[in-house]
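# Results of the structural survey
One letter stands for each residue in the lines below.
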Amino acid sequence: MSAEVERVKQYLRAWELDGRVREFQVSSATVELAAQAVHVIPARIAKTLSFLSKEGDRCILVVAAGDARIDNKRFKEQFGVKAKMLSPEQVRQMTGHYIGGVCPFALPDGQCEVWLDRSLQRFDTIFPAAGSDASAVELSCDELERCAQANGWVDVCKIPETAQ
């Protein structure tokens, strides 16, 4: 078990959700690979997208459905800044996770705001990463909101019309 996954499991233990963390022998670093690893449609993968805050000193994490795409206009209206993805180095520094394993759990204090996109609410359960590029945890939207200590729900993504 990687140190990152162990840190997420310890974090999730407060909600008695650590037992749901799954680790894989294959990569789950992308939506498609994660969907194959957990045997679900890609939309049920809860991807955590990392953006630079307006002030430039923190990150905004948006957890969205695997088939959702950021709507730049809605993002700017919500956060007052253009959607600018973090570099891999910034992601590691601000979230404590590597690309492919970024999740809304076990984050450094004061570095990140966590927001959940409404695109997730189509599903009973979703699968965010659990700290590595070969892990996931199955959660309901309510469980995700609680244990991610999310700032709230936003509508900053577009989902394909065929998925609506």
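Under the annotation held in an unreviewed UniProt entry, the protein carries the name YbaK/EbsC family protein and is attributed to Candidatus Ventrousia excrementavium.

### Details of the nonpolar core
One finds I70, F75, F79, F105, L120 and L144 to be the most contacted residues of the largest nonpolar core, which totals 51 residues. Listing elements by their share of this core, those giving two or more residues are helix 1 (3-12), strand 2 (45-52), strand 3 (59-65), helix 3 (72-79), helix 4 (88-95), strand 5 (112-117), helix 5 (141-147) and strand 9 (152-154). Residue contacts for L120: discarding those within four places in its chain leaves A46, V63, A64, A65, I126, C141, L144 and W153. In this structure, A35, A37, I45 and F127 belong to the second largest nonpolar core, which totals 10 residues.

### A look at the side chain of K47
Following the sequence through the fold, K47 ends up in strand 2. Although K47 is buried, it makes no salt bridge; D67 carries the closest opposite charge, 7.0 Å away. Of note is the side chain of K47, whose polar atom sits 2.6 Å from the backbone oxygen of A68. Apart from the residues lying within four places of it in its own chain, the contact partners of K47 are V31, V62, V63, A64, A65, G66, A68 and R69.

### Points about the pairing of strand 6 (residues 125-128)
Alignment of strand 2 against strand 6, held across two bridges, turns out to be parallel. Bridging from a neighbouring strand, A46 pairs with P128 of strand 6. Bridge analysis of strand 6 against strand 8 (residues 139-140) gives two bridges, and the strand direction is antiparallel. Of the residues in strand 8, the one forming a bridge with T125 is S140.

### Remarks on helix 1
Those residues of helix 1 lying buried are E4, V5, V8, K9 and L12. End-on, the buried residues of helix 1 take up no more than an arc of 135 degrees, which puts them together on one face. As for helix 1, its buried residues are in contact with strand 1 (21-23), helix 4, strand 7 (135-137) and helix 5.

### Some remarks on the UniProt feature "domain: YbaK/aminoacyl-tRNA synthetase-associated" (unreviewed entry) in the protein
Under the present numbering, the feature "domain: YbaK/aminoacyl-tRNA synthetase-associated" (unreviewed entry) in UniProt falls on residues 29-146. For residues 29-146, the end-to-end C-alpha separation is 24 Å, with 25% helix and 27% strand making up the annotated structure.

### Details of unusual backbone geometry
Unlike most non-glycine residues, H39 shows phi in positive territory, near 65 degrees. Examined against the element boundaries, H39 turns out to sit in the loop between helix 2 (31-38) and strand 2. For H39, a relative accessible area of 70% corresponds to the exposed category. The phi torsion at Q149 lies on the positive side, around 50 degrees, for a residue other than glycine. When you line up the elements, Q149 lands in the loop between helix 5 and strand 9. Of the residues examined, Q149 reaches a relative accessible area of 52% and is grouped as exposed.

Definitions and cut-offs
- Residues numbered from 1 in each chain as written.
- Predicted model: local features only at pLDDT ≥ 70, side-chain atom pairs only at ≥ 80, totals over all residues.
- Heavy atoms only, no water.
- Core = buried A, V, L, I, M, F, W, Y, C linked by side-chain atoms within 4.5 Å.
- Buried < 20%, exposed > 50% of the residue type's maximum accessible area, 1.4 Å probe, protein only.
- Helix = DSSP H or I, 4+ residues; strand = E, 2+ residues; numbered from the N terminus.
- Contact = heavy atoms within 4.5 Å.
- Lys, Arg positive; Asp, Glu negative; His and termini not counted.
- Salt bridge = Lys/Arg side-chain N within 4 Å of Asp/Glu carboxyl O.
- Polar contact = N/O pair within 3.5 Å; in protein donor to acceptor, adjacent residues only side chain to side chain.
- Pairing = 2+ DSSP bridges.
- Arc of directions from axis to C-beta.
- UniProt positions renumbered as here; feature names shortened; annotations may be inferred.

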